[in-house]
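Here is how the chains run, residue by residue.
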Amino acid sequence: MKLISVIAAQGDVEEHVLMAKRALEELGMEGNVIATIRKEDVAKSDAIILPGGESTTISKLIHKASIAEEIKKAAKEGKPIMGTCAGSILLAKHGDEQIERTKTKLLELMDIWVKRNAFGRQRESFQTTLNIKGIGEFEAVFIRAPAIIKAGDNVEILATFDDYIVAAQQDNIIALTFHPELTDDTKLHKYFLELLLK
Ligand code: GLN
């Protein structure tokens, strides 16, 4: 029985819990999905989802709750970790000037360069169809979304949009700069949870 934790610092936590539960069911996998900010829960998780929200706030909360270290430990042990929108920012090794100015501490788990609020005012929120490697077409919801502007050779680019990387994977870690939990499509959650079988 696998334990999947959705980090409940701030942001769209419940939506991820529901999507992960549906994905498990559709895959016929046994598992329990919880929303948590407790260190003990994160320590015993088999997979972790870091939702969107506001990256500076989430960073502060996960450090305050001492779970940043647990997430890093889990990542190093090869456990699947998925960060969406603000969560993808926190996975990065390299931030932009806004991240530096706000002294946002990153988890530094992926060799990616992120830019906060990359799509600007005109396109604060939008929906578009992406073509995601290994997954196919996916309706993606972007909300004041970041983008990945550069990635190391060890990072697989899964999708791009407007010359930006919007989905990437480095071994067991996935960064999505949009919100896969806000559509009805469980494909990305299934892709993520299938990493537990590898
Ligand atoms: N703009 C937010 C940030 O930079 C991310 C937005 C989101 O997660 N929907 O922290």
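These lines cover the structure that appears in this document, whether it is placed above or below.

**Examining the side chain of Asp12**
Here is step 1 of the chain: With respect to the element layout, Asp12 can be found in the loop between strand E1 (2–7) and helix H1 (13–27).
Here is step 2 of the chain: Buried charge Asp12 goes without a salt bridge, the closest partner of opposite sign being Arg144 at 13 Å.
Here is step 3 of the chain: Separated by 3.2 Å, the side chain of Asp12 and the backbone nitrogen of Gly52 make a polar contact.
Here is step 4 of the chain: Filtering out sequence-adjacent residues up to four positions away, Asp12 remains in contact with Pro51, Gly52, His179, Glu181 and Leu182.

**Here's the deal with the packing of H1 against helix H7 (residues 187–194)**
Here is step 1 of the chain: Where H1 meets H7, the axes come as close as 9 Å, and the angle between the chain directions of the two elements is 70°. Considering their axes alone, H1 and H7 lie roughly perpendicular with respect to each other. For the crossing formed where H1 meets H7, the hand is right-handed. Contacts from His16, Met19, Ala20, Ala23, Leu24, Glu26 and Leu27 of H1 reach H7 at His189, Lys190, Leu193 and Glu194.
Here is step 2 of the chain: The class makeup of the residues in the contact of H1 with H7 is six nonpolar, two polar and three charged.

**Considerations on the site of the ligand**
Here is step 1 of the chain: Near the ligand you find Gly52, Gly53, Glu54, Ser55, Cys85, Ala86, Ile89, Arg116, Asn117, Ile143, Arg144 and His179, and these make up its full shell.
Here is step 2 of the chain: When the free accessible area of the ligand is taken as 300 Å², the share hidden by the protein chains comes to 95%.
Here is step 3 of the chain: The residue makeup of the shell around the ligand, split by class, is four nonpolar, five polar and three charged.

**Description of the pattern of salt bridges**
Here is step 1 of the chain: One pass over the structure, following the stated rule, counts 13 salt bridges.
Here is step 2 of the chain: Measuring nitrogen to oxygen at the nearest pair gives 3.3 Å for the salt bridge that ties Arg38 to Asp41.
Here is step 3 of the chain: On the basis of relative accessibility, which here comes to 46%, the residue Arg38 falls in the partly exposed class.
Here is step 4 of the chain: When its relative accessible area of 10% is taken as the criterion, Asp41 is described as buried.
Here is step 5 of the chain: When salt bridges that share partners are traced, they join Arg22, Glu26, Asp184 and Lys190 into one network.

**Quick look at the environment of Thr84**
Here is step 1 of the chain: Structurally, the position occupied by Thr84 is in strand E4 (residues 81–84).
Here is step 2 of the chain: For the pair Thr84 and Lys105, spaced 21 residues apart in the sequence, the C-alpha separation amounts to 17 Å.
Here is step 3 of the chain: Apart from the residues within four sequence positions on either side, Thr84 is in contact with His16, Leu50, Pro51, Gly52, Leu176, Phe178, Pro180 and Glu181.
Here is step 4 of the chain: Reaching out from Thr84, the side chain makes a polar contact with the side chain of His16 at a distance of 3.0 Å.

What counts and how
- Residues numbered from 1 in each chain as written.
- Predicted model: local features only at pLDDT ≥ 70, side-chain atom pairs only at ≥ 80, totals over all residues.
- Heavy atoms only, no water.
- Helix = DSSP H or I, 4+ residues; strand = E, 2+ residues; numbered from the N terminus.
- Buried < 20%, exposed > 50% of the residue type's maximum accessible area, 1.4 Å probe, protein only.
- Lys, Arg positive; Asp, Glu negative; His and termini not counted.
- Salt bridge = Lys/Arg side-chain N within 4 Å of Asp/Glu carboxyl O.
- Polar contact = N/O pair within 3.5 Å; in protein donor to acceptor, adjacent residues only side chain to side chain.
- Contact = heavy atoms within 4.5 Å.
- Axes fitted to C-alpha atoms, helices over the stretch in contact; angles between N-to-C directions.
- Parallel < 35°, antiparallel > 145°, perpendicular 65-115°, else oblique.
- Left-handed = near helix turned anticlockwise from the far one by under 90°.
- Nonpolar A, V, L, I, M, F, W, Y, C, P; charged D, E, K, R; others polar.
- Near = heavy atom within 4 Å.
- Areas by Shrake-Rupley, 256 points an atom, 1.4 Å probe, with all protein chains shown as cover.

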